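# Structural characterization, general
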Amino acid sequence: MIELRLIVDPLPITEPMVLRLQDEQAQSEHDAILIHKEDGRREYDYNGFSLVVHAPETIDLQGDVLLFLPGRKTAHRLIRANSPHNTFLLTEQCDQLCVMCSQPPKKNHNDFFDQFALAATLAPAGAYIGLSGGEPLLHKGRLFEFLSVVASSRPDLRFHILTNGQHFSTDDESFLTNIGSERILWGIPLYAPERELHDLIVGKSGAFERLQQSLAFLARSGAAIELRTVVMKQNWAALPALSDYLATRLPFIRNWALMQLESIGYGRMNWDKCFQDTSVDFDTLATALNRSIARGIDVSLFNFPLCSVPENYRHLAPSTISDWKRKYLPQCSDCGLRATCGGFFEWYSHEKGFMRVGTS
Ligand code: SF4
């Protein structure tokens, strides 16, 4: 697995600090320059101070942006310059309690929005950065401030923001208009076409109704929406009806992503009662996909190993599992589909997983 934290010698700092690592030349006042590299130890110069990062020779750190915390012996790799999979975890707080949540909520919140803003401004040209939680819009003021600051200095950056859609209001219209619809894709989950089931899955009464208000508001504001549905035993039978619902009630969405379950957090705890093995039964999902395609809804399958999907639907299944949490099974080693297959989550357990994979 790719490390998102690096071992460092603690810095004599009292506030969090963001720096970009450069092999040769500084391009900004936030750049540290490599001056010595030996046996997994890299020493950088930052304005006359020594900064030491311990990392195997095989890891390319050129252009990476790190967050250093006072007294800590690890630094967070906020931006990996060579990766398209950079995500800022904005908060671990959330007001829903989804049955398959991969990042179960925590009570406390540490505000690193200023550090995230600086890190974004140091990202490579044209970077597409994920913003996730928890629920980022629980800190809507800070989030919008972050986005406005970054947009003014780095108009080339775009963001994918995961939100439960519970916190938009008409007051947000001017922000959305100013920031522009092409800069942000809002990833919003909807699990069922009716309130009882959706509210049950997200663990919050009234969530479905509130979400419909937000979706209608976002549509009026011209915002780009990626609707997300994790495929589970709970909503399996409802997928065709959900497809109908999108076509008739939410035709303005940019795309509909149907997602396989991630075996971590509550997803791991509740795996047996949630995991729907689409490698042995794809029919209901196929019906939902067919109906959506027929009505002009753009559909995708996220986190599906290609060999778990019937051949005529594989073009809908891009490689979506982030590089740092992706793995392949031994049977993948000589598979002809591997170059385009997203494989499995690092924490996937094959004993409890897909019964029919490994034969492409
Ligand atoms: S065998 Fe492995 S690489 Fe090939 S399609 Fe299946 S999961 Fe992907």
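Rules and cut-offs
- Residues numbered from 1 in each chain as written.
- Predicted model: local features only at pLDDT ≥ 70, side-chain atom pairs only at ≥ 80, totals over all residues.
- Heavy atoms only, no water.
- Near = heavy atom within 4 Å.
- Nonpolar A, V, L, I, M, F, W, Y, C, P; charged D, E, K, R; others polar.
- Pairing = 2+ DSSP bridges.
- Helix = DSSP H or I, 4+ residues; strand = E, 2+ residues; numbered from the N terminus.
- Axes fitted to C-alpha atoms, helices over the stretch in contact; angles between N-to-C directions.
- Domains from an automatic or database assignment.
- Contact = heavy atoms within 4.5 Å.
- Buried area = accessible area lost by both parts, 1.4 Å probe.
- Parallel < 35°, antiparallel > 145°, perpendicular 65-115°, else oblique.
- Buried < 20%, exposed > 50% of the residue type's maximum accessible area, 1.4 Å probe, protein only.
- Right-handed = clockwise from strand over helix to strand, strands pointing away.

### Here we look at the site of the ligand
Taken together, Pro 305, Leu 306, Cys 307, Cys 332, Cys 335, Leu 337, Arg 338, Cys 341, Phe 344 and Gly 358 make up the full set of residues adjacent to the ligand. Here the residues of the shell around the ligand are counted per class, giving eight nonpolar, one polar and one charged.

### A word on the sheet that holds strand 5 (residues 49-54)
In a beta sheet, neighbouring strands pair by backbone hydrogen bonds and run either parallel or antiparallel. One closed barrel accounts for seven strands, arranged 1-5-4-3-2-6-7; its pairing is mixed. Each neighbouring strand pair of the sheet contributes to a mean axis angle of 40°, computed without reference to strand direction. Direction of pairing for strand 3 (residues 31-38) relative to strand 4 (residues 41-46): antiparallel, over a ladder of five bridges. In the strand pairing of strand 4, Glu 38 is matched with Arg 41.

### Some details on the domain arrangement of the protein chain
Taken domain by domain, the protein chain consists of domain 1 (1-80) and domain 2 (81-352). Between the C-alpha centres of domain 1 and domain 2 the distance comes to 31 Å. Between domain 1 and domain 2, the contact holds 18 residues from the first and 20 residues from the second. For the domain 1 and domain 2 pair, buried surface summed over both sides reaches about 1,700 Å², with 68% attributable to carbon and sulfur atoms.

### With respect to the environment of Gln 331
Residue placement: Gln 331 occurs in the loop between strand 15 (326-327) and strand 16 (344-345). For Gln 331 and Val 357, which are 26 residues apart along the polypeptide, the C-alpha to C-alpha distance reads 8.7 Å. When neighbours within four sequence positions are excluded, Gln 331 is seen to be in contact with His 350, Val 357 and Gly 358.

### Looking at unusual backbone geometry
Gly 133 connects to Gly 134 through a cis peptide bond whose omega is 20°. Within the secondary structure layout, Gly 134 lies in the loop between strand 9 (128-132) and helix 2 (140-153). Positive phi, normally seen in glycine, also occurs at Asp 39, with a value near 50°. Summarising the element assignment, Asp 39 is placed in the loop between strand 3 and strand 4. Look at Asn 47: it is not a glycine, yet its phi comes out positive at around 50°. Among the secondary structure elements, Asn 47 is positioned in the loop between strand 4 and strand 5.

### Examining the packing of helix 4 (residues 195-202) against helix 5 (residues 207-220)
Following both chains from N to C, one finds helix 4 and helix 5 inclined at 100°, their axes separated by 8 Å at the closest point. Taken together, helix 4 and helix 5 sit at an angle that is classed as roughly perpendicular. Of the residues in helix 5, those touching helix 4 at Arg 195, His 198, Asp 199 and Val 202 are Ala 207, Phe 208, Glu 209 and Leu 211. Across the contact of helix 4 with helix 5, the residue classes break down as four nonpolar, one polar and three charged.

### Comments concerning the pairing of strand 9
The element strand 9 is extensively covered by neighbouring structure, given that four of its five residues are classed as buried. As defined by bridge partners, strand 8 (residues 86-89) adjoins strand 9 across four bridges and the pair is classed as parallel. The partner of Thr 87 across the bridge, within strand 9, is Gly 130. Crossover strand 8 to strand 9 through helix 1 (residues 113-121) is right-handed. Sheet topology places strand 9 next to strand 10 (residues 158-162); four bridges connect them, and they run parallel. Bridge assignment links Tyr 128 to a residue of strand 10, and that residue is Arg 158.

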